[in-house]
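Working through the structure, step by step
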Amino acid sequence: MILMKDVHKTYPNGVTALNGINVEIEQGEFVYIVGPSGAGKSTFIRLMYREAKATNGTIMINDLDMSSLKEKKVPFLRRDIGVVFQDFKLLPKLSVYENIAFALEVIEESPRNIRKLVMDVLELVGLKNKARFIPDELSGGEQQRVSIARAIVNKPKIVIADEPTGNLDPDTSWEIMKILEEINSSGTTIIMATHSKEIVNTIKKRVIAIEDGLIVRDEHRGEYGYEI
Ligand code: ADP
Ligand code: ADP
């Protein structure tokens, strides 16, 4: 479960990105985060995996209190959260297989398990035949599938995706959404920031709209609600 109570975030330069966020997201939900550029969506998302710290307020992620979570415990939090970025953030010199295996090596998974887990997740995203390719040899959609595979290989409870289809053409974007829906159907919470009106209005899910650092709308099976 994700819980935020009266969360504020002011950056060191004095910019207030979040100005009193209250929200509760249950395990297994699929939530779109929408709103204009600069509204605070990325900040909201970064607080969840402790890429940023709140200035004020309470954030609980799977019963961990972010305000008292020690730096050395952050890796424990990250084991339960997979993150997918708009620009994939794959390691360019490593193969598809190695990019995904790396996520398991850092949490000291045994070599025997690594092979099985990586091949299983490559099967899930349909890239078993490209395990030896490097990112440059893949299309954008395939690179995003690798980055999703890397995010879910250790079976996190939550997957956070910050504009995962932002760099992809429409057909490829629908493929990525199908994979995210499949991951969600097995009980994983999905939090996805997006500017895609088509996706939000077609694949209906909970919609949380953020403007000027505040939640201005929170609807079950909501609409995108903006023109761009
Ligand atoms: P969105 O994802 O909706 O575009 P952001 O959370 O990125 O919004 O940004 C919200 C506000 O915080 C903006 O005014 C942005 O310029 C500012 N901001 C974001 N990150 C930083 C940072 N690291 N330092 C200072 N200001 C930032
Ligand atoms: P798209 O235009 O749909 O993004 P690409 O034309 O980039 O896709 O790639 C089409 C297919 O060719 C993909 O399956 C990709 O893996 C493969 N491919 C692209 N570039 C290379 C390359 N340099 N070496 C090997 N395979 C490649």
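Residues numbered from 1 in each chain as written. Chains lettered and ligands numbered in written order. Predicted model: local features only at pLDDT ≥ 70, side-chain atom pairs only at ≥ 80, totals over all residues. Heavy atoms only, no water.

Identification of the protein as Cell division ATP-binding protein FtsE from Virgibacillus halodenitrificans is taken from an unreviewed UniProt entry. The UniProt entry for the protein carries the following comment under Sequence similarities (unreviewed entry): "Belongs to the ABC transporter superfamily." The Subunit (unreviewed entry) field of the UniProt record for the protein holds the comment "Homodimer. Forms a membrane-associated complex with FtsX." (UniProt positions renumbered as here; feature names shortened; annotations may be inferred.)

Let us look at the overall build of the protein. Broken down by element type, the protein carries seven helices and 10 strands. On C-alpha atoms alone, the protein measures out to a radius of gyration of 17 Å, which is about the 17 Å that the 2.2 N^0.38 rule sets for 228 residues. Every one of the 228 residues in the protein was classed for burial, and the buried ones make up 50%. Across the protein, contacts joining residues at least 24 apart in sequence account for 68% of those joining residues at least 6 apart. Put simply, the protein shows about 11,400 Å² of open surface, and 49% of that area lies on carbon and sulfur atoms. (Helix = DSSP H or I, 4+ residues; strand = E, 2+ residues; numbered from the N terminus. Rg over C-alpha atoms; globule rule 2.2 N^0.38 Å. Buried < 20%, exposed > 50% of the residue type's maximum accessible area, 1.4 Å probe, protein only. Contact = heavy atoms within 4.5 Å. Areas by Shrake-Rupley, 256 points an atom, 1.4 Å probe, with all protein chains shown as cover.)

This next bit is on the nonpolar core. Among the nonpolar cores identified, the biggest contains 45 residues, and Tyr32, Ile100, Leu180 and Met192 are the most heavily contacted of them. Excluding its chain neighbours within four sequence positions, the residues that come into contact with Ile100 are Val118, Val121, Leu122, Val146, Ala149, Arg150 and Val153. In this structure, Leu47, Ala52, Met66 and Ile158 belong to the second largest nonpolar core, which totals 30 residues. (Core = buried A, V, L, I, M, F, W, Y, C linked by side-chain atoms within 4.5 Å.)

A word on the site of ligand 1. Of all residues adjacent to ligand 1, which total 13 residues, the nearest are Gly38, Gly40, Lys41, Ser42 and Thr43. Between ligand 1 and Gly38, the relevant distance is 2.7 Å, taken from an oxygen atom to a main-chain nitrogen or oxygen of the residue. One of the backbone nitrogen or oxygen atoms of Ala39 is found 3.1 Å away from an oxygen atom of ligand 1. Relative to its unbound accessible surface of 560 Å², ligand 1 loses 64% to contact with the protein. Here the shell around ligand 1 takes four residues from helix H1 (residues 41–48), the largest share from any one element. Across the shell around ligand 1, the residue classes break down as five nonpolar, six polar and two charged. (Near = heavy atom within 4 Å. Polar contact = N/O pair within 3.5 Å; in protein donor to acceptor, adjacent residues only side chain to side chain. Nonpolar A, V, L, I, M, F, W, Y, C, P; charged D, E, K, R; others polar.)

Within the secondary structure layout, Ile134 lies in the loop between helix H4 (111–124) and helix H5 (140–152). Among the residues examined, Ile134 registers a relative accessible area of 30% and is labelled partly exposed. In the structure, Ile134 is positioned 35 residues away from Asn99 in sequence and 9.0 Å away in space, judged by C-alpha atoms. If we ignore the near neighbours within four places in the chain, the residues touching Ile134 are Pro92, Lys93, Leu94 and Ser95.

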